[in-house]
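Architecture at a glance
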Amino acid sequence: MKALLVCEQREGKLLDTSYELVAFAERLGAEVSLVLVGKEAQAPKVTGKLYLADADKYGEYNPELHKHIVVAAVLKENPDYIIFPHSSYGWDLAPRVAATLRVGQVSEVVNIVDGKFEVSLCNGKLRRTVTPKGARAVLTVQAGAFNYAGQLSGSPQVEAIEITQGSSPLQFVGYEPAEKKEVDLGRAEIIVSAGRGVGKKENVAVIADLAKAFGGELGASRPVVDAGWVGHSHQVGTTGQTVSPKLYVACGISGAIQHLAGMKKSDFIVAINKDKEAPISEAADVMVVADVLQLAPVLAEKLRAA
Amino acid sequence: MNILVCIKQVPDMESRFKVNGTGDWYDEADLAYRMNEYDEYAVEQAVQLKEQLGNQPEITVLSIGADRVGEALKKALAMGCDKAVQVQDNDSARKDPWQIANIIAAFAADKHFDVIFTGMQSQDRGSAQVGVTVAELLGHNCASTLVGFEFADGVVTAKRELEGGVKSVVKVPVPALVTCQLGLNVPRYPTLPNIMKAKKKELQLVPVANLLKEEAATGTEKLYPPVKSGGGIVLEGDLSDVADRLLGILKEKTTVMK
Ligand SMILES: Cc1cc2nc3c(=O)[nH]c(=O)nc-3n(C[C@H](O)[C@H](O)[C@H](O)COP(=O)(O)OP(=O)(O)OC[C@H]3O[C@@H](n4cnc5c(N)ncnc54)[C@H](O)[C@@H]3O)c2cc1C
Ligand SMILES: Nc1ncnc2c1ncn2[C@@H]1O[C@H](COP(=O)(O)O)[C@@H](O)[C@H]1O
């Protein structure tokens, strides 16, 4: 079985997700080749063939050209699987490659169960196994689901890849850096986060007060930030901050994968949620089944009295 | 100018899900349904684009599914879309993303949509494929995961969200398809007069067989709840009692309680 891994780089740096693909391919037991639009200096430090296309020529982000590059590598390598990270790069590029090759795609694989691909659905409340129908398939792999434990000491055998298409109507203008942080959650020992379950902006104060009673910082899930209830620097998750405090208290947060990715390394996790089955219960050391708006003031008062 | 918005109706994610009798999907009975969250941003952005262009463009909103999707379509009409299309399919949940994309592309093929809006992903299946695949099938330019949208002189300036708060800006000439991420805009609530007006707007019904010519490219083998790792303590009951027990546990098991 052969797997072609589509690595990603940004602004001259290879992203770690590329190694997660290697770990996934090892689990599959596949023979690995890689493709990267980048520079030789960024080549992943693993053995195997690397098809390298020049980022100066084909662009940091030009999915139209990158698609043709991946397809060209597929034609040379004849892989059974073409594997991308399930990232802003991968979910953008993978369907283009799958459609061009007219093969099936399985998105956001979290596990391999009896040789079948397991994916999550309904916000993590369910799982299913999916099987591609044809001989070849495109896969995207959930970030963080497969960790590479091997040595980073190999060097791939590089083969330059060129395509005839030189331009596309899509024009990459540039990056916009992350907003400046007002709070550095990365250093907090205690974080108490508000989720959509708090209901409305005014109620965020209840959670902020609990955070204060704990002597910690206020965090938030994305909908709370999107709605403008708190600033972006409070957001925990893949598109916010990654945190690992000694205590994380998730208030009215369901536990979507993108939130979990930002806080699951916390030493101790408490979830306060009225839904006992909320996926956050999987990550929580203590799951408190309660209306957080009622519990938080009681808890804050007891903390102050202690 | 012609605009298309694709919306999916999904179960409320706070529902209790049960596996169905054949073990390959969730039981669809007794669930509350709503418009896929990501698609609300798509509808709002389409309506904002129409308003920007002096209400000139016509917005078609399309959903594939059983008759209940009429509710989601009505909401989109009340938000400002002009006409609705229901592709009738009682078994849409079992169609794979490749088939769903092919149905949409077959519908759109001869209609010259300048801009197509979809959600970045559906909340239930979450494949994040349909939008980009539709663009490929139609040969439209495409940008995904938008948190910013501007339009001028036939070019969409898209702000794409990357990881860790970084964004990238891309210019995409029409015909273009964009997939919408959470937080792209603030979806409006339909007002009562607009809900009344929506009732008079056109709802076109198209049997799925007229549009679908493709076999599924992937299949679901089995559906099941996640295996419980089951280490956590569950606290329930009287609030004061629960609070005391929680603080007791924190004193015992963490170092942060002085
Ligand atoms: C590419 C991408 C990146 C993303 N990045 C992030 C990210 O960085 N961070 C992030 O958080 N999300 C992110 N998301 C969004 C994520 O998928 C979820 O939509 C989001 O985390 C849900 O937030 P929530 O748990 O607060 O809301 P919901 O999922 O709506 O959950 C609300 C919870 O509150 C509970 N509840 C309701 N009322 C009460 C009450 N009175 N008391 C107690 N509990 C109550 C409910 O039972 C429910 O479990 C991202 C999504 C995508 C696609
Ligand atoms: N049944 C459907 N009817 C209409 N649009 C859909 C349907 N399923 C998916 N879509 C669109 O495709 C997007 C991505 O869905 P998915 O690939 O399933 O994650 C959704 O946000 C919708 O805009």
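Everything that follows concerns the structure shown earlier in this document.
Report on the accompanying structure. Throughout, residues of each chain are indexed from 1 in the direction in which the sequence is written. Think of it this way: whatever chain is written first is A, whatever ligand is written first is 1, and the rest follow in order. Whole-chain, interface and lining totals are the exception, using all residues; otherwise, since this is a predicted model, local features are given only for residues with pLDDT of at least 70 and side-chain atom pairs are given and counted only at 80 or more. Side-chain calculation: all heavy atoms of the structure are included, whereas hydrogens and water are not.

1. What to know about the overall build of chain B
- Only DSSP runs of H or I with at least four residues qualify as helices, and only runs of E with at least two residues qualify as strands; both kinds are numbered from the N terminus onward. Of regular secondary structure, chain B possesses six helices and 13 strands.
- Once the C-alpha set of chain B is aligned to its principal axes, its extents read approximately 65 × 45 × 40 Å.
- A total of 258 residues make up chain B; the buried ones form 58% of that total.
- Long-range contacts, defined as pairs at least 24 residues apart, comprise 70% of the intrachain contacts of chain B with a sequence gap of at least 6.
- The Shrake-Rupley method, run with a 1.4 Å probe, gives the accessible areas here. Residue values count only the displayed protein chains as cover. Within the structure as shown, chain B displays about 11100 Å² of accessible surface, and the carbon and sulfur contribution to it stands at 50%.
- On chain B, the mean spot of the 29 positive side-chain charges and the mean spot of the 35 negative ones are 3 Å from each other. In this scheme, a residue with accessible area under 20% of its type's maximum is buried, one over 50% is exposed, and one in between is partly exposed, where area comes from a 1.4 Å probe on protein chains only. Contact between two residues is taken to exist if any of their heavy atoms lie within 4.5 Å; hydrogens are not considered. For the purpose of counting charges, residues Lys and Arg are taken to be positive, whereas Asp and Glu are taken to be negative. His and the chain ends are not included. By convention, the point assigned to a charge is CZ for Arg, NZ for Lys, CD for Glu and CG for Asp.

2. Description of the pattern of salt bridges
- One side-chain nitrogen of Lys or Arg within 4 Å of one carboxyl oxygen of Asp or Glu is enough to make a salt bridge. Under the defined criterion, the tally for this structure stands at 37 salt bridges over all chains.
- Here Lys67(A) and Glu136(B) are joined by a salt bridge, their closest N and O atoms 3.0 Å apart. Of the two residues, Lys67(A) sits in helix α3 (residues 63–77) while Glu136(B) sits in helix α4 (residues 130–138), which places them in two different chains. Both residues of the pair, Lys67(A) and Glu136(B), count as buried.
- Between Glu118(A) and Arg127(A) there is a salt bridge whose closest N-O contact spans 4.0 Å.
- Overlapping salt bridges bring together Lys39(A), Asp54(A) and Asp56(A) as one network.

3. Re the sheet that holds strand β12 (residues 218–224) of chain B
- Strand pairing is assigned whenever DSSP detects at least two bridges linking the two strands. Reading across the sheet, the ten strands line up as β11(A)-β5(A)-β4(A)-β1(A)-β6(A)-β10(A)-β7(A)-β8(A)-β9(A)-β12(B) and stay open at both edges, with mixed pairing between neighbours. At either end of the open sheet lies a strand with only one pairing partner, and these are β11 (157–160) of chain A together with β12 of chain B. Averaged over all pairs of adjacent strands, the angle between their axes in this sheet comes to 35°, without regard to strand direction.
- One ladder, built from three bridges, connects strand β1 (residues 2–6) of chain A with strand β6 (residues 81–85) of chain A; its direction is parallel. Residue pairing in the sheet places Leu5(A) in a bridge with Ile83(A) of β6(A).
- Lines fitted to C-alpha atoms define the axes, with helix axes restricted to the stretch in contact, and inter-axis angles between N-to-C directions lie between 0 and 180 degrees. Most of the contacts of helix α1 (residues 17–28) of chain A go to β6(A), to which it runs at about 140°, and overall it touches β1, β4 (31–38), β6, β7 (104–113), β8 (116–121) and β10 (137–141) of chain A.
- Here α3(A) sits on the sheet in contact with β1, β4, β5 (49–54), β6 and β11 of chain A, set at roughly 150° to β4(A).

4. Concerning the site of ligand 2
All names here are of chain B.
- Around ligand 2 sit 20 residues in total, of which Cys6, Asp39, Ser122, Ser127 and Ala128 are the nearest.
- In this structure, Asp39 approaches ligand 2 through a side-chain N or O atom, which is 2.5 Å from an oxygen atom.
- Two N or O atoms form a polar contact when they lie within 3.5 Å of each other; inside protein one atom must be a possible hydrogen donor and the other a possible acceptor, and for residues adjacent in sequence the pair counts only when both atoms belong to side chains. In the environment of ligand 2, an oxygen atom lies 2.7 Å from a nitrogen or oxygen atom belonging to the side chain of Ser122.
- Across the complex, the protein chains shield 99% of the 490 Å² of accessible surface that ligand 2 would expose by itself.
- Cavity membership is defined here by more than half of the atoms lying within 2 Å of grid points; on that basis ligand 2 lies in the second largest pocket.
- At the level of elements, β4 (58–65), α3 (97–108) and β6 (115–119) are the ones that each hand at least two residues to the shell around ligand 2.
- Here the element with the most residues in the shell around ligand 2 is β4; it accounts for three residues.
- Side-chain classes are defined by residue name, with Ala, Val, Leu, Ile, Met, Phe, Trp, Tyr, Cys and Pro counting as nonpolar, Asp, Glu, Lys and Arg as charged, and the others, Gly among them, as polar. Among the residues making up the shell around ligand 2, the classes are represented as eight nonpolar, nine polar and three charged. We call a residue near a molecule or strand when any one of its heavy atoms sits within 4 Å of it. Cavities and pockets are found on a 1 Å grid laid over the protein atoms alone: a cavity is a set of points where a 1.4 Å probe fits but cannot escape, a pocket is an open set with protein on both sides within 12 Å along at least five of seven lines, and a lining residue has an atom within 4 Å of such a point. To be counted as sitting in a cavity or pocket, a molecule needs more than half of its atoms within 2 Å of that site's grid points.

5. With respect to the packing of aromatic side chains
- By convention, a stacked pair of Phe, Tyr or Trp rings (six-membered ring in the case of Trp) has centres within 6.5 Å and planes under 30 degrees apart, an edge-to-face pair has planes over 60 apart, and any other such pair is tilted. Evaluation of the coordinates by the stated rule reveals ten aromatic pairs over all chains.
- Judged by centre distance (5.1 Å) and plane angle (70°), the ring pair of Phe172(A) and Tyr175(A) falls under edge-to-face.
- Looking at Phe172(A), the relative accessible area reads 26%, which means it is partly exposed.
- Among the residues examined, Tyr175(A) registers a relative accessible area of 26% and is labelled partly exposed.
- Pairing Phe117(B) with Phe149(B) gives two aromatic rings, centres 5.3 Å apart and planes at 50°, and the pair type is tilted. Of this pair, Phe117(B) sits in strand β6 while Phe149(B) sits in strand β7 (residues 141–152); the two residues are 32 residues apart in sequence, bridging distant segments of the chain. Exposure class is identical for Phe117(B) and Phe149(B). Each is buried.
- Charge-over-ring contacts are defined here by two conditions on Lys NZ or Arg CZ: a distance within 6 Å of the ring centre and an angle within 35 degrees of the ring normal. Here the basic side chain of Lys222(B) rests over the ring of Tyr224(B), its NZ or CZ set 5.4 Å away from the ring centre.

6. Some details on the sheet that holds strand β5 (residues 83–88) of chain B
- Read across the open sheet, the ten strands follow the order β12(A)-β9(B)-β8(B)-β7(B)-β10(B)-β6(B)-β1(B)-β4(B)-β5(B)-β11(B); overall the sheet is mixed. Looking along the sheet, the strands with just one partner apiece sit at the ends: β12 (171–176) of chain A together with β11 (203–207) of chain B. Strand-to-strand twist in this sheet, taken as the mean axis angle between neighbours without regard to direction, amounts to 30°.
- Sitting on the sheet, helix α2 (residues 69–79) of chain B touches β4, β5 and β11 of chain B, and the angle it makes with β4(B) is about 165°.

7. Notes on empty space enclosed by the protein
- Grid points are joined across faces, edges and corners, and a volume is the space filled by probe spheres set on the points. The tally for this structure, following the rule as stated, stands at three cavities of 30 Å³ or more.
- A volume near 150 Å³ is recorded for the largest cavity.
- Gln9(A), Arg10(A), Glu60(A), Tyr89(A) and Tyr175(A) are, among the 17 residues lining the largest cavity, the residues nearest its centre.
- Taken together, the residues that form the lining of the largest cavity break down as nine nonpolar, four polar and four charged.
- If you add up the space inside the second largest cavity, you get close to 70 Å³.
- Those elements that place two or more of their residues in the lining of the second largest cavity are α4 (90–101) and β7 of chain A together with α3 of chain B.
- Looking at the lining of the second largest cavity element by element, the count peaks at three residues for α4(A).
- Here the lining of the second largest cavity is composed, by residue class, of six nonpolar, five polar and one charged.

The quantities given are spatial measurements derived from coordinates; they are silent on function.
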